[in-house]
Amino acid sequence: QVDGILSGFQRVRPENLPAGYLSQSGMQSHPSYRPRVFYVVERKDLHRRIAGRNRLRQVVSRDMRYHSTVFHSGRKIYLGINPGILHRFIELQQALREKGYDPDAVRINSGHRTPSHNRIVGGARGSRHQRGDALDLRIGDVDRSGWSDRRDKEIVLRILDGRVIGSRGGLGLYPGTQTVHMDLRGYRARWNSY
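Here we summarise the structure given alongside this text.

What counts and what doesn't
Residues numbered from 1 in each chain as written. Predicted model: local features only at pLDDT ≥ 70, side-chain atom pairs only at ≥ 80, totals over all residues. Heavy atoms only, no water. Core = buried A, V, L, I, M, F, W, Y, C linked by side-chain atoms within 4.5 Å. Buried < 20%, exposed > 50% of the residue type's maximum accessible area, 1.4 Å probe, protein only. Contact = heavy atoms within 4.5 Å. Pairing = 2+ DSSP bridges. Helix = DSSP H or I, 4+ residues; strand = E, 2+ residues; numbered from the N terminus. Axes fitted to C-alpha atoms, helices over the stretch in contact; angles between N-to-C directions.

## Concerning the nonpolar core
One finds Leu92 and Leu135 to be the most contacted residues of the largest nonpolar core, which totals 40 residues. The residues contacting Leu135, other than those within four sequence positions of it, are Val59, Ile81, Ile85, Leu86, Phe89, Ile108, Ser110, Gly111, His129, Val180, His181 and Met182. Residues Leu17, Tyr21, Met27 and Phe38 belong to the second largest nonpolar core, which totals eight residues.

## Remarks on the sheet that holds strand β6 (residues 106–110)
The five strands are arranged β6-β7-β9-β8-β10 in an open sheet whose pairing can be described as mixed. Strands with a single pairing partner mark the edges of an open sheet, and in this sheet they are β6 and β10 (189–191). The mean inter-strand angle of the sheet, taken between neighbouring strand axes irrespective of direction, is 25°. Bridge count between β6 and strand β7 (residues 134–139): four bridges; the pairing is antiparallel. Directly across from Val106, in β7, lies its bridge partner Ile139. Set on the sheet, helix α6 (residues 150–164) makes contact with β6, β7, β8 (170–172), β9 (179–183) and β10; between it and β9 the angle comes to about 10°.

## Observations concerning the sheet that holds strand β1 (residues 10–12)
Spatial ordering of the open sheet is given by β1-β2-β5, a layout of three strands whose pairing is antiparallel. Each having just a single partner strand, β1 and β5 (76–79) make up the two edges of the open sheet. Taking the axes of each pair of neighbouring strands and ignoring which way they run, one obtains an average angle of 40° across the sheet. For strand β2 (residues 38–42) and β5, the ladder comprises four bridges, and the chain directions are antiparallel. Bridge pairing in β5 places Val40 opposite Tyr78.

As C-alpha cells, this is what we get:
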C-alpha cells in the first residue's frame, strides 16, 4: 500500500526544491535536517490512506506551505517521509492484529516536520522527524477493554521494542501520556521525556 501510493508521486531531491521553500522551511540553513527525497503531492492527495486508516496528511509537515495551500489549488506540497518508517508502522499493525488487538487503535499524530515546523511544535533540535524517519503515535483502546490506558500503551511498546524497532531505532516512551515516538535512527535509543 505505501509503496504503491508513493510511487505515483514525482520524487525530488532536497537541492531541487524551490529556493523560497528551502528558506521558509528552515531546511536551507539546516541541510542535515532534511530527508533524502521528497514526494510532490497536491493538497487534494492528502486525504489518501497511506497505512491502515492513516492518511497522507498525518505524515506531511504541517508548516506554512501546508496551511497556505488552498485545497484545489495547483500548489505543490513536499512530503519528506522515509517509506521505511511507514513499513514499520504497518508491521506494528500486523503484529497487533495477529495478537487479537485492534490495529486501528494506534493512529499517526505526526510524521515529517521541516525545521521551522519542528521549532513551532517544540520538537528536539535534532529531531528525527526532520529527516522524515520518525512517527509519533497516539495509542487508543488497543486491547478493546472499553478505554485507553497504560496497558494499551505497554502492549504497543512491547511490540515496538521486541519486534518492530528493537536495536534499529529510537522509542520515546513519554510516561503519563498515550503518545509514543518511533524512529529509524539505525541504533537503539530510549527516552522518557519530551
